[in-house]
Amino acid sequence: MQYISTRDKARSVSGAQAVIAGLAPDGGLFVPGSFPALEGGLLSEMASWPYARIASWVLRQYFDDIPASAVEDIAARAYGAQFDDNAIAPLTELFSGQYLLELYHGPTLAFKDMALQALPGLMLESMRLTGEKREVCILVATSGDTGKAALDGFKDVSGTRIAVCYPASGVSAAQKRQMVTQEGGNVFVLAVEGNFDDAQTGVKRIFADASIAGALDKKGIRLSSANSINWGRLAPQIAYYIYAYTRLAQSGLRSGEHADFVVPTGNFGNILAAYYARRMGLPIRRLVCASNANRVLHDFFETGEYNSRRTLYPTLSPSMDILISSNLERLLFEAAGRDDALVNGWMRSLRETGAFRIPPDIKAWMDGVFSAGWGDDGATLASIRRVFEQTGRLIDPHTAVAMHVTQRLRSDDTPLVIVATASPFKFAADVLEAIAPGEAKGKDEFAVTYALAKKAGCEVPERIAALEGKPVLHTARCAPEGIESELMRWLNN
Ligand SMILES: *Cc1c(COP(=O)(O)O)cnc(C)c1O
């Protein structure tokens, strides 16, 4: 499989090169040259395959440059005993015909683990294949969950280092504690004053600066990315859509029958993987993009204009507090019939004016696949409360946004899967506030966690409980302009 850039389709690289580079040199994103087909017969067969085997099949299609045995090994190690559920991504029925795809059973309790447990293996194989002798330094901007998942995946992986920048204001108490207590000899965690877009913009500036790359090269270091702009993040995510569909089949879905998926969306990585699964032939009818009050994507799908000139609101679903949704560029590339000149034009307009508009024919193409909805914090809390009252189950605020949108848009009884992206215990204070208003007041973050578990009659996840005794190891903090010097200082040590 060859990969091409969304901004220059004449440029093509191997899967291994795409994973190491992260971003294409022209600033575009790598996309597969074609989509492997998922035949109906194979899909039926997969109903009896465990998760790791489905993931391995997907990765083999997209990384045919990596030996099959190595890919199998990566998948087996990525989706193993570090998950607290044997199914890896259990699909459970919440309401009749409405299922939750629980993607939060990995080591950091958010769906980012589904890709970031596999990415280090893909990265190491890619380094071996391309003869990369330099140390690879993974630089990540996180809205909360990617950072911890990347730290967990890359900690003490030989030949790599990992630096994570998180917004000082805008991550939950548990998310922050997970990161600042991170152990490992090759890790660096930096609080950036500002929101996620500030952190992401600062990190993107470093990636785009050839003089930084040159200086690092002299030290034998190469920068790479573990954000969802990296193809190595997206490919593993395709697997859980296929997996979910095969489990729907186990609970009575007829062969070839369609299902809808509702995805709480920020940087558009998760829902894009669903679109790719659909392109491969997975019987998905509609993909529903769910946004919080930062509804730039919702407005884009409604109007055809992407307009990032607006205030970013901090919400209860911080991993979706994003105005520049990077992976949308990959969808635009497909919507435009892979016309790289059109994509370049829109991206230039976005850079220069903060906005762009797609023509009606391309908007119609989008309408054929995607729907969009949004919900504010009030809707988020109401959704958590409703699900708890009606089913006794807890959902996190991101999943709650998707739940709210589901309730608003559902119009028939096509089976529908809501993608559950984080454990409610990563956002314990807000979830407790939703189901028992006032009870979180005056309690510290751990007391809140135990109060939530008691209320819901369940256990605090082991990994959250374990945070309580861990020392804070990372206190570095800077303004967005200071990321480069902090990074250099760390790399020089
Ligand atoms: C990252 C994240 C999202 C958004 O996913 P994208 O791939 O950026 O669209 C939603 N919910 C949670 C909990 C997340 O961590």
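Because the structure is a prediction, the values reported are computed rather than measured.

Q: Which residues make up the site of the ligand, and what values go with them?
A: Lining the immediate environment of the ligand, one finds 15 residues, of which K112, D145, G266, N267 and N270 sit closest. Taking S319, its side chain carries an N or O atom lying 3.5 Å from an oxygen atom of the ligand. In terms of residue class, the shell around the ligand is made up of 5 nonpolar, 8 polar and 2 charged.

Q: So, helix α4 (residues 68-78): which residues are in play, and what are the values?
A: Here α4 has its buried residues at A70, V71, I74, A75 and A78. With its buried residues spanning 135° around the axis, α4 presents them on a single face. Turned more than 90 degrees away from the buried face of α4 sit S69 and R77, all of them exposed. Looking at the buried positions of α4, the neighbouring elements they touch are α3 (51-62) and α6 (119-130).

Q: Can you break down the side chain of D197 residue by residue, with the values?
A: Relative to the helices and strands, D197 is located in helix α9 (residues 196-208). One buried charged side chain, D197, makes no salt bridge at all; its nearest oppositely charged neighbour is K204, positioned 7.2 Å away. Other than its neighbours up to four places away in sequence, D197 contacts L312, I322, L323 and I324.

Q: Now, about the environment of T353: what can you tell me, with residues and values included?
A: Mapped onto the elements, T353 comes out in helix α15 (residues 340-353). Of the residues examined, T353 reaches a relative accessible area of 39% and is grouped as partly exposed. Taking the C-alpha atoms as reference points, T353 and S308, separated by 45 residues in sequence, lie 9.0 Å from one another.

Q: Can you lay out the pattern of salt bridges for me, pointing to particular residues and giving the numbers?
A: Applying the stated criterion across every chain yields a total of 24 salt bridges. Between R161 and E135 there is a salt bridge, with the nearest N and O atoms lying 3.0 Å from each other. Here the residue R161 occupies a position in strand β7 (residues 160-167), and E135 occupies one in strand β6 (residues 135-141), the gap between them amounting to 26 residues. R161 gets classed as buried once you look at its relative accessible area, which sits at 16%. Through salt bridges with shared partners, a single network forms among E132, R134, D217 and R222.

Conventions and cut-offs
- Residues numbered from 1 in each chain as written.
- Predicted model: local features only at pLDDT ≥ 70, side-chain atom pairs only at ≥ 80, totals over all residues.
- Heavy atoms only, no water.
- Near = heavy atom within 4 Å.
- Polar contact = N/O pair within 3.5 Å; in protein donor to acceptor, adjacent residues only side chain to side chain.
- Nonpolar A, V, L, I, M, F, W, Y, C, P; charged D, E, K, R; others polar.
- Buried < 20%, exposed > 50% of the residue type's maximum accessible area, 1.4 Å probe, protein only.
- Helix = DSSP H or I, 4+ residues; strand = E, 2+ residues; numbered from the N terminus.
- Arc of directions from axis to C-beta.
- Contact = heavy atoms within 4.5 Å.
- Lys, Arg positive; Asp, Glu negative; His and termini not counted.
- Salt bridge = Lys/Arg side-chain N within 4 Å of Asp/Glu carboxyl O.

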